[in-house]
Amino acid sequence: SYFTMLGLKESGEIDMIDDMVKNFAYLIENYGHIPNGNRTYYLGRSQPPFFSVMVELLAEAKGDSVYQEFLPAMEKEYAFWMDGADKLKPGQAYRRVVRLKNGDIMNRYWDDATVPRQESWREDVLTAQRSGRDKLEMYEELRAGAESGMDFSSRWFADGKNLVTIRTSDFIPPDLNALLYHLEWAISKALLMNKDSTSEDFRRKAIHRGELIDKYCWNRSENFYTDYDFRKQKQSRNINPGGMYPFCFINENPDYMSFLGSKVADVIRAKLLKPGGIVTTEFNTGEQWDAPNGWAPLEWMTIWGLDRCGQKDLAADIAARWVKLNEKVYKSTGKLMEKYNVVDIDKD
């Protein structure tokens, strides 16, 4: 919906963006979060928390009072993502919060239900049976992967190849934590406008989270932001566009982010850049959020992040490749697709 709003803003449809943001605020007010879809069986999991980014987009069109209008919803969504943080001991995790062994707090994807996903019941039952793992654990991991939006991807697999090894909840993802950084920043801005002294607390939280993203997710050997396995205390080597989210949102140390951006650009050229844009991961596992597929939201976040850290030529190159592929497929099929084969651009 956020990416739809970008198009609506470009088209001058500000009232519709306003209505959409109000609808999401209603969901937060009534359910504590934005469910993965507007159906009761999605109440166990959220969407990735783009709400504050939507609020920012609307504020750009209508003025900063928008932050104040949606402050209660942003605070309530933040409480959902941080539930249990104050009770965790080092090394423990609860719902979407992890307290690392040194006491640092970060977030993960999760789902509160422990049954197969209602929309994929048969598939989940069969996957759990094939895995030989505890069924409840498998359902939790599959659901957590669904909350991430990347369902499913080698990004979440222990062996990097097979869905039966999924362990989403072991990872601290840079994309999720970058979105929560933005949420903390947006709450701080709204509180400051209300002359609320707790504004400074949220500003400090955002700055500290940015530091933790760098501490745990900047992978020096890969020159990319990657997921951090808090159980094994090691970084993933899976290169995917989730690692571009920090470049989209983090405001501190722009020179440092530009320095990292030049390294990231080389990695993207070597591992993700294909004729039709960027591939979701390097690996072709048969899962839809892997090679050879490209997904519009991840293309956008990669282009945005590269542009923001000074890699404008690569950003423009990816955008041109992606748009060209979209136009080609549309002309031959009359359709805009959910995902595209960015490796073989001769396929529709």
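Only a predicted model underlies this, so the values are computations on that prediction, with no experimental measurement involved.

Visitor: Teacher, can you tell me more about the overall build of the protein chain here?
Guide: Tallying secondary structure elements over the protein chain gives 13 helices and 12 strands in all. Principal axes of the C-alpha set define a box for the protein chain whose edges measure 55 × 50 × 40 Å. Counting all 348 residues of the protein chain, 54% fall into the buried class. Here the analysis covers contacts within the protein chain between residues at least 6 apart in sequence; of these, 60% occur between residues at least 24 apart. Each charge class in the protein chain can be summarised by its mean position, and for the 47 positive and 53 negative side chains these summaries are 4 Å apart.

Visitor: How do you make sense of helix α6 (residues 121–131) when you look at a structure like this?
Guide: Residues spaced three or four apart along an α-helix point in a common direction, a consequence of the helix completing one turn every 3.6 residues. All of the buried residues along α6 are D124, T127, A128 and S131. Projected down its long axis, α6 shows its buried positions confined to an angular sector of 100°, all on one face. Pointing more than 90 degrees away from the buried face of α6 are the exposed residues R122 and R130. The inward-facing, buried residues of α6 contact α7 (135–148). A positive phi of about 75° marks G132, the residue just after α6.

Visitor: Looking at this model, I keep getting lost on the sheet that holds strand β4 (residues 171–172). Mind explaining?
Guide: Strand pairing in a sheet relies on backbone hydrogen bonds, with the paired strands running either antiparallel or parallel. Spatial ordering of the open sheet is given by β4-β7-β8, a layout of three strands whose pairing is antiparallel. Looking at which strands have only one partner, the edges of the open sheet turn out to be β4 and β8 (234–235). Direction of pairing for strand β7 (residues 228–229) relative to β8: antiparallel, over a ladder of two bridges. Looking across to β8, one finds that D229 is bridged to K234.

Visitor: Looking at this model, I keep getting lost on the side chain of S199. Mind explaining?
Guide: Note on placement: S199 falls in helix α9 (residues 199–217). Polar contacts involving the side chain of S199 include one to the main-chain carbonyl oxygen of S188, which spans 2.8 Å. In contact with S199, not counting residues within four places along its chain, are S188, L191 and L192.

Visitor: Whenever I open this one, the pattern of salt bridges confuses me. Can you help?
Guide: Any two side chains of opposite charge can pair, on the condition that their charged atoms come close. Applying the stated criterion to the full structure yields 30 salt bridges. Between R96 and D112 there is a salt bridge, and its shortest N-O distance comes to 3.5 Å. Here the residue R96 occupies a position in the loop between β1 (93–94) and β2 (97–99), and D112 occupies one in the loop between β3 (105–107) and α6, the gap between them amounting to 16 residues. D112 gets classed as partly exposed once you look at its relative accessible area, which sits at 35%. Because the salt bridges share partners, they merge into one network encompassing R45, D111, R117, E119, D124 and R143.

Visitor: I'm lost on the packing of aromatic side chains in this one. Help?
Guide: To describe a pair of aromatic rings, you give the distance between the ring centres and the angle between the ring planes. Summed over the entire model, instances satisfying the criterion amount to 18 aromatic pairs. On the numbers, 5.1 Å between centres and 55° between planes, the contact of Y216 with Y228 is tilted. Residue Y216 is found in helix α9, and its partner Y228 is found in strand β7; the two are separated by 12 residues along the sequence. Grouping aromatic residues by their ring pairs yields a cluster made of F80, W81, Y109, W156 and F171. For R96, the ring lying beneath its charged end belongs to W81, and the centroid distance is 5.7 Å. The ring of F202 is capped by K205, whose NZ or CZ atom sits 4.4 Å from the centre of that ring.

Visitor: Please clarify how the layout of surface pockets should be interpreted in this entry.
Guide: Remark: the empty space left among the atoms is shown by a probe the size of a water molecule rolled over them. As a volume, the second largest pocket reaches approximately 310 Å³. In terms of lining, the second largest pocket is formed by 15 residues, of which the most central are F157, A158, S236, R237 and N238. Residue composition of the lining of the second largest pocket, grouped by class: four nonpolar, five polar and six charged.

Visitor: When you look at the packing of helix α12 (residues 296–308) against helix α13 (residues 312–333) in this model, what are you seeing that I'm missing?
Guide: If you want to describe how two helices pack, look at the angle between their axes and the distance between the axes. At a closest axis distance of 7 Å, the pairing of α12 and α13 adopts a crossing angle of 160°. It follows from the interaxial angle that α12 and α13 lie roughly antiparallel. For the crossing formed where α12 meets α13, the hand is left-handed. Every residue of α13 that contacts α12 at A296, E299, T302, I303, L306 and D307 is listed here: K312, L314, A315, I318, A319 and W322. Split into classes, the residues belonging to the contact of α12 with α13 amount to eight nonpolar, one polar and three charged.

Visitor: Would you explain the nonpolar core in this entry?
Guide: Within soluble globular proteins, side chains that are nonpolar tend to cluster in buried spots. Judged by nonpolar contacts, the single largest core of 104 residues is most densely connected at V21, F51, M74, F249 and I268. Every residue in contact with M74, bar those within four places of it in the chain, is listed here: F51, S52, V55, Y67, L183, A186, I187 and A190.

Visitor: Would you mind going over the environment of V267 with me for this structure?
Guide: Along the chain, V267 turns up in helix α11 (residues 254–271). In this structure V267 comes out as buried when scored by relative accessible area, which is 9%. For the pair V267 and F224, spaced 43 residues apart in sequence, the C-alpha to C-alpha distance is 7.4 Å. Setting aside its immediate chain neighbours within four residues, V267 contacts E222, N223, F224, I239 and L272.

About the thresholds
Residues numbered from 1 in each chain as written. Predicted model: local features only at pLDDT ≥ 70, side-chain atom pairs only at ≥ 80, totals over all residues. Heavy atoms only, no water. Helix = DSSP H or I, 4+ residues; strand = E, 2+ residues; numbered from the N terminus. Buried < 20%, exposed > 50% of the residue type's maximum accessible area, 1.4 Å probe, protein only. Contact = heavy atoms within 4.5 Å. Lys, Arg positive; Asp, Glu negative; His and termini not counted. Charge placed at Lys NZ, Arg CZ, Asp CG, Glu CD. Arc of directions from axis to C-beta. Pairing = 2+ DSSP bridges. Polar contact = N/O pair within 3.5 Å; in protein donor to acceptor, adjacent residues only side chain to side chain. Salt bridge = Lys/Arg side-chain N within 4 Å of Asp/Glu carboxyl O. Phe/Tyr/Trp six-rings, centres within 6.5 Å; stacked < 30°, edge-to-face > 60°. Lys NZ or Arg CZ within 6 Å of the ring centre and 35° of its normal. 1 Å grid on protein atoms, 1.4 Å probe; cavity = no way out; pocket = protein on both sides within 12 Å on 5 of 7 lines; lining within 4 Å. Points joined across faces, edges and corners; volume = space filled by probe spheres on them. Nonpolar A, V, L, I, M, F, W, Y, C, P; charged D, E, K, R; others polar. Axes fitted to C-alpha atoms, helices over the stretch in contact; angles between N-to-C directions. Parallel < 35°, antiparallel > 145°, perpendicular 65-115°, else oblique. Left-handed = near helix turned anticlockwise from the far one by under 90°. Core = buried A, V, L, I, M, F, W, Y, C linked by side-chain atoms within 4.5 Å.

Functional significance is not addressed by these values, which are geometric in nature.
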